[in-house]
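# An overview of the molecular structure
Residues per chain, in single letters:
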Amino acid sequence: MKKYSLIILCLLISYSAFTQNEFYNNGGLIYLNPGALLHINGDLSNTSNSQFKNDGVIELTGNLLNDSLAEFTNGSTSSGAERVTKLIGTGTQVLSGKFNGTNNHFYNLVIDKPISGTLVELHTDVTVEVSLVWGSNTSGS
């Protein structure tokens, strides 16, 4: 009986690890190099004293949280860096936390929803340094 209980417990732990589609940064420094692509099939949470510095491409299908103590910005002054965050989810996506100010902003923000009529909800003020682009299926603003 103990052998089967252990197998079932391992299966439940494995299942729960794969169902929580979230990239969670709690106090770390993450730097995305120029030319790099980070595809997150779920939510991105940048919390505590975390720093997320993006000089590459972030594709996000879920919500984005950047709490008031964290930094979300570009990493360098290199003109060759793409520095883009793409919101590409099929459902409603929410931006919450802090995205305005020197250390909390988007360099380039692309809203490219694959299904017409899906939303991006802004639960905070958002600063975009260079460009805000809507994809072909995205309607309204």
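Look up a bit, the structure's there.
Here is a short report on the structure shown in this document.

Each value, and the rule that gives it
Within each chain, residues carry numbers counting from 1 in the order of the written sequence. Reporting of local features is limited, given that this is a predicted model, to residues whose pLDDT is at least 70; pairs of side-chain atoms are given and counted only at 80 or more, and all residues count toward the totals for whole chains, interfaces and linings. Heavy atoms from the whole structure form the basis of all side-chain values; hydrogens and water molecules are not counted. Two strands make a pair as long as DSSP finds a minimum of two bridges between them. Working definition: helices are DSSP H or I runs of at least four residues, strands are E runs of at least two. Numbering for both runs from the N terminus. Comment: axis = line fitted to C-alpha atoms, over the contacting stretch for helices; angle = value between 0 and 180 degrees taken between N-to-C directions. Salt bridges, as used here, are contacts in which a Lys or Arg side-chain nitrogen is within 4 Å of a carboxyl oxygen on Asp or Glu. Think of it in three bands: residues with accessible area under 20% of the maximum for their type are buried, residues over 50% are exposed, and the middle band is partly exposed, with areas taken using a 1.4 Å probe on protein chains only.

### Section: the sheet that holds strand S12 (residues 120–122)
- Here five strands make up an open sheet; going across it, the order is S1-S4-S7-S10-S12 and the pairing parallel. With one partner strand each, in any of the chains shown, strand S1 (22–26) and S12 form the two edges of the open sheet. Adjacent strand axes in the sheet meet at a mean angle of 5°, parallel and antiparallel pairs treated alike.
- Summarising the sheet, strand S4 (residues 43–47) and strand S7 (residues 64–66) pair through three bridges and their orientation is parallel. Of the residues in S7, the one forming a bridge with Asn46 is Asn66.

### Brief notes about the pattern of salt bridges
- A full pass over the atoms with the stated rule returns two salt bridges.
- With a shortest N-O distance of 3.3 Å, Lys53 and Glu71 are connected by a salt bridge. Linking Lys53 in strand S5 (residues 51–54) with Glu71 in strand S8 (residues 71–73), this pair joins segments that are 18 residues apart in sequence.
- Assessed through its relative accessible area of 17%, Lys53 is described here as buried.
- Note that Asp55 is salt-bridged to Arg83, the shortest N-O span being 2.9 Å. Separated by 28 residues along the polypeptide, Asp55 in the loop between S5 and strand S6 (57–60) and Arg83 in the loop between S8 and strand S9 (84–87) bring together distant segments of the chain.
- Classification of Arg83 by relative accessible area gives buried; the value is 3%.

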